[in-house]
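Below, each chain spelled out in residue letters.
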Amino acid sequence: MIMEKKDSKKQRFTVTVFSENAVGILNQISIVYTRRCINIESISASRTSIPGVYKTTIMCYSERCVMQKVVAQLEKIIYVVKAFLYTDDEIVHQEVALYKVPTEKLLEEKHLEEIIRTHNARILDITPEYTIIEKTGHNDETVALFEELKRYDIRQFVRSGRVCVTKDPIEHVTAFLAKRDALK
């Protein structure tokens, strides 16, 4: 059994990796985390507003000094344009959760509608067999709704990875690319 030190300075970090859309890039990114025995808590990837550049957002718990080394290692990957390290106070982040419950429960249990409203969730789809509920928010919010819906026979539950934008007025990768292009 591995015991964690009580004075551990682990905290939550979000790393954004801007890269080209190359086969195997996600594998190369995950290997950097695996080599340092860091568990990825959440991961999402998508196209950015910059043509040809994709953004992978990774959330994990670690120490700052370790994460700075991870970012430096990520930037050595050939298809990575730039990587950035953030704490929660430097970004705005959300995730999306979907819950499938039997429509019969929704119609029978008036309290279920109240739960949906209390959690600022919304109904996406209703069929005679099931109802799909969507909740956007932080991890603790989506889990709280899951805990309340459990007694109504959840048929399916899924959460997206964390997505985020910085609180800075500029996009860091755009500024980096502009500097890089000015040097050419």
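> I tried to follow the overall build of the protein chain on my own but got confused; where do I start?
When helices and strands are tallied, the protein chain shows 6 helices and 9 strands. A compact globule built from 184 residues would reach a C-alpha radius of gyration of about 16 Å, whereas the protein chain, at 20 Å, exceeds it by more than 25%. For the C-alpha atoms alone, the extent of the protein chain along its principal axes is close to 65 × 45 × 30 Å. Residues counted as buried form 38% of the 184 residues belonging to the protein chain. Counting contacts in the protein chain only where the partners sit at least 6 residues apart, residues at least 24 apart contribute 75% of the total. For the protein chain, the exposed surface amounts to about 11,700 Å²; the carbon and sulfur share of it is 52%. Seen as two clouds, the 28 positive and the 26 negative side-chain charges of the protein chain have centres 8 Å apart.

> Got a minute to help me understand the sheet that holds strand β2 (residues 40-47) in this structure?
To summarise the sheet geometry, strands pair through backbone hydrogen bonds and adopt either a parallel or an antiparallel arrangement. Taken together, 4 strands build an open sheet; the order of strands is β2-β3-β1-β4 and the sheet is antiparallel. What marks the edges here is a single partner per strand, and that holds for β2 and β4 (80-86). Averaged over all adjacent pairs, the angle separating strand axes in this sheet is 15°, with direction ignored. With 6 bridges joining them, strand β1 (residues 11-19) and β4 adopt antiparallel strand pairing. Residue pairing in the sheet places T14 in a bridge with Y86 of β4. On top of the sheet, helix α2 (residues 64-74) reaches β1, β3 (54-62) and β4; it is set at about 170° to β4, its chief contact. Across the face of the sheet, helix α6 (residues 172-183) comes into contact with β1 and β4 while running at roughly 140° to β4.

> I keep staring at the confidence of the model for the protein chain and nothing clicks. Help me out?
Keep in mind that low pLDDT regions are not for reading the predicted coordinates in detail. Summary statistics for the protein chain give a mean pLDDT of 91 and a share of 95% for residues scoring 70 or more. Contacts for the low-pLDDT stretch residues 1-7, under 50 throughout, to residues beyond four places or in other chains number 1 contact.

> Teacher, can you tell me more about unusual backbone geometry here?
Trans peptide bonds make up the majority, and among non-glycine residues the majority have a negative phi. One non-glycine residue, C37, adopts positive backbone phi at about 55°. Checked against the element boundaries, C37 lands in the loop between α1 (25-35) and β2. At D153, a residue that is not glycine, the phi angle is positive and equals roughly 65°. You can see D153 is positioned in the loop between α5 (139-149) and β8 (156-159).

> Help me understand the pattern of salt bridges in this model?
Side chains that differ in sign of charge can pair as their charged atoms come close. Evaluated as defined, the whole model comprises 8 salt bridges. Here E134 and R122 are joined by a salt bridge, their closest N and O atoms 2.4 Å apart. Taken together, the residues E134 in strand β7 (residues 130-137) and R122 in strand β6 (residues 122-126) connect sequence positions 12 residues apart. Judged by relative accessible area, which is 15%, E134 ranks as buried. A salt bridge links E147 to K150; the shortest N-O distance between them is 3.0 Å. Under the relative-accessibility criterion, E147 is labelled partly exposed at 42%. Beyond isolated ion pairs, a larger network of salt bridges with shared partners links R12, D88 and R162.

What counts, and at which threshold
- Residues numbered from 1 in each chain as written.
- Predicted model: local features only at pLDDT ≥ 70, side-chain atom pairs only at ≥ 80, totals over all residues.
- Heavy atoms only, no water.
- Helix = DSSP H or I, 4+ residues; strand = E, 2+ residues; numbered from the N terminus.
- Rg over C-alpha atoms; globule rule 2.2 N^0.38 Å.
- Buried < 20%, exposed > 50% of the residue type's maximum accessible area, 1.4 Å probe, protein only.
- Contact = heavy atoms within 4.5 Å.
- Areas by Shrake-Rupley, 256 points an atom, 1.4 Å probe, with all protein chains shown as cover.
- Lys, Arg positive; Asp, Glu negative; His and termini not counted.
- Charge placed at Lys NZ, Arg CZ, Asp CG, Glu CD.
- Pairing = 2+ DSSP bridges.
- Axes fitted to C-alpha atoms, helices over the stretch in contact; angles between N-to-C directions.
- pLDDT = per-residue confidence, 0-100.
- Salt bridge = Lys/Arg side-chain N within 4 Å of Asp/Glu carboxyl O.

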